[in-house]
Amino acid sequence: NTATTKEHREKEYVGFATLPNQVHRKSVKKGFDFTLMVAGESGLGKSTLVNSLFLTDLHKDRKLLNAEERISQTVEITKHTVDIEEKGVKLKLTIVDTPGFGDAVNNTECWRPITDYIDQQFEQYFRDESGLNRKNIQDNRVHCCLYFIPPFGHGLRPVDIEFMKALQDKVNVVPLISKADCLMPSEIKKLKERLREEIDKYGIKIYQFPDCDSDEDEEFKQQDRELKESTPFAVIGSNTVVEARGQRVRGRLYPWGIVEVENQSHCDFVKLRTMLIRTHMHDLKDITCDCHYENYRAQCIQTMTSKMNADKRVESPIPILPLSTPDVETEKLIKMKDEELRRMQQMLQKMQQQMHEQDL
Amino acid sequence: MEDREEKERGVMAEQRGEEGESEATKENSTKGKEENGVDMKAEEEEEKQQKQQEEEDEEERGMSKQVEVTMEVSERVPGLTAGVIRGADLFGYVGIEAVLDQMRRKTMKAGFEFNIMVVGQSGLGKSTLVNTLFKSKVSRKSCTPNYEEKISKTVKLQSVSHVIEEKGVKMKLTVIDTPGFGDQINNENCWEPIVKYVNEQYEKYLKEELHVNRKRRIPDTRVHCCIYFLPATGHWLRPIDIEFMKRLGKIVSIVPVIAKADTLTIEERLEFKQRIRQDLAANGIRVYPQKEYDEDAEDRIVNDRIRESIPFAVVGTDKEHQVNGNKVLGRKTKWGIIEVENAAHCEFANLRDLLIRSHLQDLKDVTHNIHYETYRVRRLNESNMNFMSNGKAGCPNSV
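Keep in mind that what you see is a predicted model, and the values were worked out from it rather than measured.

From N to C terminus, chain A includes eleven helices and nine strands. Restricting the contact set of chain A to residue pairs at least 6 apart, pairs at least 24 apart contribute 67%. With an accessible surface of roughly 21,300 Å², chain A has 50% of that area assigned to carbon and sulfur atoms.

Right, here's the structure in full:
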């Protein structure tokens, strides 16, 4: 009897349950990419934290500008890309840094270069996506922005509020309490509560962890709850290895003790790393693609259609993107490319018709 | 009237503190100016070693000396030869040194005034540090009931005064706070209210001084010391720091400190300090103690040592914990207790000693003799020019 039920079951078994494994195998081959942006004033430990997260040293030859040079500095955007491989899985990690943010005396709209950069990446992806050759589209869209809040304050400062509001619809904003080793546990608790209150109060849309499925086990749910309750994460980073409790760990050596970066009772570094890399990296990418990018795209198309209606141009299925700073040269180029595309379109149509006629 | 200038120079030997505690020896340099006809400058100099330990030190003007009395008699009196008469050679005891006691008693009765301004962004621990320095709740926060932390939109200076007393010595301490400094997105000219305030105090004093009927003791609201709080970024001075210190360094004595320094390791701290000193020199910013106001070689040695270690990296707290059976002021974290008064942990003790135990009177003197005089000269020149250009008759001193 057992033999027949087994046979029976085997006959009913289609086999698509192996799909996740197939996807897995393909992704491992293809590799992942992830773009992480870090923003905040100088001296909050951004570079150190990134090094700690990915166990690399991305900023080896970095030169710190002195104050003379920094008086006239504007906000820059710098990119570092590094390929990391672990257990056969490849990750192409891009870190976008924002030196100069918030450092000047007058920081009005200092986030403008940053929002412009994010928009440019969306725009480029939009063009590529609408183009003809879509095989090797490079995804440079920013998947997550870690915003460093100084531990010195009593809550959100005006610049924090303005920045996060400017970016909340363009990228997943994850606020962090930086240099958390200058706060006592009671102070951290108070600051986190204060920050959560103010984020609510000002209606800032930061990245929310998705609720875990109801069929997950209790341990996972408990972990998830703890994760959510300890935001914003209070982090410490370190470039040095120290000896603590007989082990060599990443940490900071003070006369009064040793701070261990990966000790959960010292700071939330482990939680951040878990969230960012181990559990929510894919979700961050999804939300970037499904939410932020789609918003941008919809907005873009809307502006274009209204512009086209205003201009009464010949309708072209290939969208002509409005540039932020149109000048004569680029306009000419665009017009040329338009013509080219239209010609190719016509050729395609002809070919399609021919094929259709052949079928008939 | 005989113009006699007496110069007393005392070279002191060591004397123990009043309580007979362990070898607490401090340096005390007092210069006083009496407001009566005879100008007498009494210099008491003590050379002692400074040991930093956890004691309950108080402001002591401990001294006792072997006096070498030098008398210089003016040349106007003919027939008198100038010479040095050593104390040991005096026949009998003249009692000149009793003048020091008289002066001390007088100043103790009159009390001292000290005005300290704290400047820095919100959250850098200004109020906590001031409370810790003076071991009492003297900051603006401790004095306002239902205090709520809010970032104010403009820089509003608030001053709170207290009279604190220790061993019979009364001090009227005024703490001037500057909430709102550097907290906005656009901080351009956020230093202007502060510059205005400092100059207003000088103006007030000047007006009093120029009165026909002026008070015996002019109330002194001038800022004697401005503590500027630098965030512990570990990098360089920020543009706002440079702008502020450039402007204020010319009119008030600035003491920069690295706030919340428990986020820097010892190496990072040293590097940071070095970079700050370079930055200060590169921008021509003079902080206290200024090199050009060193009076003599001894001062220079002491002040050089201070100049090599500014800005002090401080940590402040008002909470006490038990460490090795002692009660210490400290911050308790999961990885250890940061002891505020432990010189190996932070430089709070250095700052306190500088501000209160050794250089408090010097700060007042520099403010009075140098910053105030600069202001006065400038104002009088301005008014003279007005006077001449307007052709006004009357007393040229009327401002």
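The next subject is the pairing of strand E8 (residues 169–177) of chain B. A regular strand places its side chains so that they alternate between the two faces of the sheet. Residues and elements named next belong to chain B. Burial of E8 is extensive: seven of the nine residues sit out of reach of the surface. Here nine bridges tie strand E7 (residues 158–166) to E8, and the two strands are oriented antiparallel to one another. Bridge assignment links His162 to a residue of E8, and that residue is Leu173. From the end of E7 to the start of E8, which pair antiparallel, there are two residues, and Lys167 there has a positive phi angle of about 50°.

To continue, consider a positive patch on the surface. A cluster of basic residues, B:Arg105, B:Lys106, B:Lys109 and B:Arg216, forms a positive patch at the surface. Position of B:Lys109 among the secondary structure elements: in helix H1 (residues 98–110).

Each neighbour pair has its own omega, and for A:Thr231 with A:Pro232 the value is -10°, a cis peptide bond. Along the chain, A:Pro232 falls in the loop between helix H8 (218–229) and strand E6 (233–234). Cis peptide bonds are those with omega within 30 degrees of zero, and the linkage from B:Tyr288 to B:Pro289 qualifies with -5°. By the element assignment, B:Pro289 lies in the loop between helix H6 (266–282) and helix H7 (297–309).

What follows covers the nonpolar core. In this structure, A:Leu146, A:Phe163, B:Phe244, B:Met245 and B:Leu355 are the most contacted members of the largest nonpolar core, which totals 156 residues. With seven residues, the top contributor of residues to this core is helix H4 (residues 192–210) of chain B.

Considering all chains together, one arrives at 13 aromatic pairs over all chains under this definition. Considering the side-chain rings of A:Tyr254 and A:Trp256, the 5.0 Å spacing of their centres and the 10° angle between planes classify their relative orientation as stacked. Residue classification places A:Tyr254 among the buried positions, given a relative accessible area of 4%. Seen from their ring centres, B:Tyr202 and B:Tyr372 are 6.2 Å apart, and the 50° between their planes marks the pair as tilted. Of this pair, B:Tyr202 sits in helix H4 while B:Tyr372 sits in helix H9 (residues 360–390), and the two are 170 residues apart along the sequence. Each member of the pair, B:Tyr202 as well as B:Tyr372, carries the same accessibility label: buried.

Moving on to the UniProt feature "site: Important for dimerization" (unreviewed entry) in chain A. Here, the residues flagged by UniProt with the feature "site: Important for dimerization" (unreviewed entry) are A:Phe152. Secondary-structure assignment places A:Phe152 in the loop between strand E4 (144–149) and helix H6 (158–167). Once residues within four sequence positions are removed from consideration, A:Phe152 is found in contact with A:Cys182, B:Ser122, B:Gly123, B:Leu124, B:Pro231, B:Ala232 and B:Lys260.

What follows concerns the state of the cysteines. All chains considered together, the criterion is met by zero disulfides over all chains. Between A:Cys267, a cysteine without a disulfide, and A:Cys182, which holds the nearest cysteine sulfur, the sulfur-to-sulfur distance is 13 Å. This cysteine, B:Cys226, is not joined by any disulfide, and B:Cys225 carries the nearest cysteine sulfur, 7.0 Å off. Since its relative accessible area comes to 0%, B:Cys226 is described here as buried.

Residue and element names in this part refer to chain A. Where helix H5 (residues 112–130) contacts H6, the two axes come as close as 10 Å, and the packing angle between them is 15°. With respect to H6, the element H5 is oriented roughly parallel. Both H5 and H6 take part in a crossing whose hand is right-handed. Together, Ile114, Thr115 and Ile118 of H5 and Phe163, Ala166 and Leu167 of H6 make up the contact between the two elements. In terms of residue class, the contact of H5 with H6 is built from five nonpolar, one polar and no charged.

Conventions and cut-offs
- Residues numbered from 1 in each chain as written.
- Chains lettered and ligands numbered in written order.
- Predicted model: local features only at pLDDT ≥ 70, side-chain atom pairs only at ≥ 80, totals over all residues.
- Heavy atoms only, no water.
- Helix = DSSP H or I, 4+ residues; strand = E, 2+ residues; numbered from the N terminus.
- Contact = heavy atoms within 4.5 Å.
- Areas by Shrake-Rupley, 256 points an atom, 1.4 Å probe, with all protein chains shown as cover.
- Buried < 20%, exposed > 50% of the residue type's maximum accessible area, 1.4 Å probe, protein only.
- Pairing = 2+ DSSP bridges.
- Patch = residues over 30% accessible without salt bridge, like charges linked within 9 Å, V, L, I, M, F, W, Y side chains within 5 Å.
- Salt bridge = Lys/Arg side-chain N within 4 Å of Asp/Glu carboxyl O.
- Lys, Arg positive; Asp, Glu negative; His and termini not counted.
- Charge placed at Lys NZ, Arg CZ, Asp CG, Glu CD.
- Core = buried A, V, L, I, M, F, W, Y, C linked by side-chain atoms within 4.5 Å.
- Phe/Tyr/Trp six-rings, centres within 6.5 Å; stacked < 30°, edge-to-face > 60°.
- UniProt positions renumbered as here; feature names shortened; annotations may be inferred.
- Disulfide = S-S within 2.5 Å.
- Axes fitted to C-alpha atoms, helices over the stretch in contact; angles between N-to-C directions.
- Parallel < 35°, antiparallel > 145°, perpendicular 65-115°, else oblique.
- Left-handed = near helix turned anticlockwise from the far one by under 90°.
- Nonpolar A, V, L, I, M, F, W, Y, C, P; charged D, E, K, R; others polar.

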